[in-house]
There are 2 protein chains.
Amino acid sequence: MALEHAILVSLLEKPGSGYELARRFERSIGYFWTATHQQIYRVLGRMENDGLLAVRTVPQQGRPDKKEYSAADPGRAALAQWLHEPIEPESLRHDLAVKIRGAAFDDPASLIREVERHQQAHRDRLARYLAGELRDFTGPDAPAPLDAGQELQHVVLRGGIAQERMTIAWLDDVLATLHRLGRPAPPAADRA
Amino acid sequence: MALEHAILVSLLEKPGSGYELARRFERSIGYFWTATHQQIYRVLGRMENDGLLAVRTVPQQGRPDKKEYSAADPGRAALAQWLHEPIEPESLRHDLAVKIRGAAFDDPASLIREVERHQQAHRDRLARYLAGELRDFTGPDAPAPLDAGQELQHVVLRGGIAQERMTIAWLDDVLATLHRLGRPAPPAADRA
DNA sequence: TCCTGCTATGCAACTCGTTGCATAGACAAG
DNA sequence: CTTGTCTATGCAACGAGTTGCATAGCAGGA
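By the naming in an unreviewed UniProt entry, chain A is PadR family transcriptional regulator, taken from Streptomyces amritsarensis.

Structure, rendered in structure tokens:
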């Protein structure tokens, strides 16, 4: 149920509507959590119902009203409690790794393009992260002494950057392996 | 729906019962996918029903019968089809990162022990991966020329090893940041 | 002897996350 | 003038994953 907590953190950093939250989840929060607007709206509704959030309807000219949420005291308390509970280290779900091992029962070479596509997606993500780092933390327009919240945002972003660099390097390793298997004996692993 | 595919890959590598699969998912498959026995039994039942798997009841002395599953031809075909479809690069769910950013609204120093605990869990996982690599791929008891399937298993394992090493290093960075924030101004970020 | 743990399977209820669809006004491009 | 895009919200149905519980025989230690 960490989506609730991710929302609380984001609303404490800055109040906003469901729509704005959804866009944050495509950007900075997206370094470590993803969610669609449907999930966000549903959870926001429940959290409001449970008294964790305060709502304020903001009329806007030229566009629909928006409901601006902010963390209420019980929400702050719920977050604080969760922060003090131990959590389990993450379990992984890595589709591409399933494919790589599955390639032994198909044609390893046919996976090369797919792996290259993923590597490109990770390169793009890395570029976005690095641009964000420059803009918010290390560039000339960044606030000079960062406060604690910004320091913590920065260290999380450094984690995203390290993750992408590691993945790109590993996919080089995967590609080299696939090329190597493609050369010596054409369909070597298929024992149907 | 990649659990189905992970099961197909595992059963192609070696047929086995639901129970055996559950244990594999705690070990080698666990490098890139996790599943509990309940999930596995439910999906095995559905896949058998769909004709993707063949079953053989194996009587055993001194313990309950087991149902040994193996991939049937339609299962192989379903896997092959999935291997040729593009998939989206993974989206992440990183609870600890939520906590780290949330620490700005609580006490950053109180997170240190939790982060250390996670780091130790990753060190343990890395040690298991390295032991498995030595046993199956690089040690004196490993098969001399690896076949394609083993090469692919090895490159996936190398990905797990790289992941753990990267995470351990990043958590050093996180710990240094938390210590730094703990020193100068005690509860610097809390603006309640 | 009792308790724990291992093999081995499974149901029921629940929460979480995804996908498809619907509404509705404003604005810009063709 | 129509189509598409952006803001902004939401429902319904489904699939995936979790948690708790149940059964049942055997082995080993306190």
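Having seen it, we continue.
Engineer: Where do I start with the overall build of chain A in this structure?
Structural biologist: When helices and strands are tallied, chain A shows 7 helices and 2 strands. Secondary structure elements in chain A, listed N-terminal to C-terminal, are α-α-α-β-β-α-α-α-α. What you see for chain A is a C-alpha radius of gyration of 22 Å, clearly larger than the 16 Å of a compact globule of 192 residues, by over 25%. Counting over 192 residues, chain A shows a buried share of 51%. Look at the contacts in chain A between residues 6 or more apart in sequence, and 56% of them connect residues 24 or more apart. Accessible surface for chain A amounts to roughly 9800 Å². Of this, 52% is attributable to carbon and sulfur atoms. Separation of charge centres in chain A, based on 25 positive and 27 negative side chains, amounts to 4 Å.

Engineer: How should I be thinking about the protein's contact with DNA strand D in this particular structure?
Structural biologist: In the vicinity of DNA strand D lie 20 residues, with Tyr19, Tyr41 and Gln60 of chain A together with Met1 and Gln39 of chain B positioned nearest. The sugar-phosphate portion of DNA strand D accounts for 62% of its atoms within 4 Å of the protein, the bases making up the rest. Within the side chain of Lys67 of chain A, an N or O atom sits 2.9 Å from a phosphate oxygen of DNA strand D. Interatomic distance of 3.4 Å between a side-chain N/O atom of Arg46 of chain B and a phosphate oxygen of DNA strand D. Those elements that provide at least two residues to the surface near DNA strand D are α2 (18–24), α3 (37–49) and β2 (66–71) of chain A together with α3 (37–49) of chain B. The leading source of residues in the surface near DNA strand D is α3 of chain B, at 4 residues. For the surface near DNA strand D, the class distribution of residues is 4 nonpolar, 8 polar and 8 charged.

Engineer: Whenever I open this one, a positive patch on the surface confuses me. Can you help?
Structural biologist: Residues and elements named next belong to chain A. On the surface, Arg23, Arg27, Arg63 and Arg128 cluster together to form a positively charged patch. Summarising the element assignment, Arg23 is placed in helix α2. Here Arg23 falls in the partly exposed class, since its relative accessible area comes to 45%.

Engineer: Would you explain the relation of the copies chain A and chain B in this entry?
Structural biologist: Between the two copies, chain A and chain B, the superposition gives an RMSD of 0.1 Å; the rotation angle is 180° and the shift along the axis is 0.0 Å. These values place the two chain copies in the arrangement generated by a two-fold rotation axis. No C-alpha of chain A approaches the rotation axis more nearly than that of Met166 of chain A, which lies at 3.5 Å. Mapped onto chain B, 100% of the interface residues of chain A are again interface residues, and the two copies thus contact each other with one and the same surface.

Engineer: I'm lost on the nonpolar core in this one. Help?
Structural biologist: One broad rule of soluble globular proteins: the nonpolar side chains tend to lie buried together. Counting residues in each nonpolar core, the largest one holds 55 residues, and the members touching the most others are Ile7, Phe25, Phe32, Trp33 and Leu44 of chain A together with Ile100 and Val174 of chain B. In this structure, Ile100 of chain B is in contact with Leu152, Val155 and Val156 of chain A together with Leu111, Trp170 and Val174 of chain B, ignoring residues within four places of it in sequence. Counting 54 residues, the second largest nonpolar core, distinct from the first, contains Ile100 of chain A together with Ala22, Leu53 and Leu152 of chain B.

Engineer: Mind showing me how you'd approach helix α4 (residues 73–84) of chain B here?
Structural biologist: Each α-helix winds once per 3.6 residues, and so residues spaced three or four apart point in a common direction. With 12 residues, α4 of chain B should cover 16 Å at 1.5 Å per step; its first-to-last C-alpha distance of 17 Å lies within 8% of that length. Looking at α4 of chain B, one finds that the buried residues are Gly75, Leu79, Trp82 and Leu83 of chain B. Buried residues of α4 of chain B, seen end-on, are gathered within an arc of 105° and therefore sit on one face of the element. Opposite the buried face of α4 of chain B, at more than 90 degrees from it, the exposed residues are Asp73, Gln81 and His84 of chain B. Residues of α4 of chain B that are buried sit in contact with α5 (95–102) of chain A together with α1 (2–13) of chain B.

Engineer: Help me out: how do you make sense of the interface of chain A and chain B in this one?
Structural biologist: A common way to state how big an interface is: give the accessible area lost once the parts meet. Listed as interface residues are 70 residues of chain A and, on the opposing side, 71 residues of chain B. Taking both partners together, chain A and chain B bury about 7000 Å²; carbon and sulfur atoms supply 63% of that area. Inspection of the chain A/chain B interface yields 6 salt bridges. Between Asp173 of chain A and Arg158 of chain B there is a salt bridge whose closest N-O contact spans 2.7 Å. Summed over the shared surface of chain A and chain B, the result is 33 residue pairs in polar contact (both at pLDDT 80 or more). Looking at the side of chain A that touches chain B element by element, the count peaks at 19 residues for helix α7 (residues 148–182) of chain A. Its residues placed into classes, the side of chain A that touches chain B shows 36 nonpolar, 16 polar and 18 charged.

The rules we used
Residues numbered from 1 in each chain as written. Chains lettered and ligands numbered in written order. Predicted model: local features only at pLDDT ≥ 70, side-chain atom pairs only at ≥ 80, totals over all residues. Heavy atoms only, no water. Helix = DSSP H or I, 4+ residues; strand = E, 2+ residues; numbered from the N terminus. Rg over C-alpha atoms; globule rule 2.2 N^0.38 Å. Buried < 20%, exposed > 50% of the residue type's maximum accessible area, 1.4 Å probe, protein only. Contact = heavy atoms within 4.5 Å. Areas by Shrake-Rupley, 256 points an atom, 1.4 Å probe, with all protein chains shown as cover. Lys, Arg positive; Asp, Glu negative; His and termini not counted. Charge placed at Lys NZ, Arg CZ, Asp CG, Glu CD. Near = heavy atom within 4 Å. Polar contact = N/O pair within 3.5 Å; in protein donor to acceptor, adjacent residues only side chain to side chain. Nonpolar A, V, L, I, M, F, W, Y, C, P; charged D, E, K, R; others polar. Patch = residues over 30% accessible without salt bridge, like charges linked within 9 Å, V, L, I, M, F, W, Y side chains within 5 Å. Salt bridge = Lys/Arg side-chain N within 4 Å of Asp/Glu carboxyl O. Least-squares fit on C-alpha atoms with pLDDT ≥ 70 in both. Core = buried A, V, L, I, M, F, W, Y, C linked by side-chain atoms within 4.5 Å. Expected span 1.5 Å × (residues − 1). Arc of directions from axis to C-beta. Buried area = accessible area lost by both parts, 1.4 Å probe.

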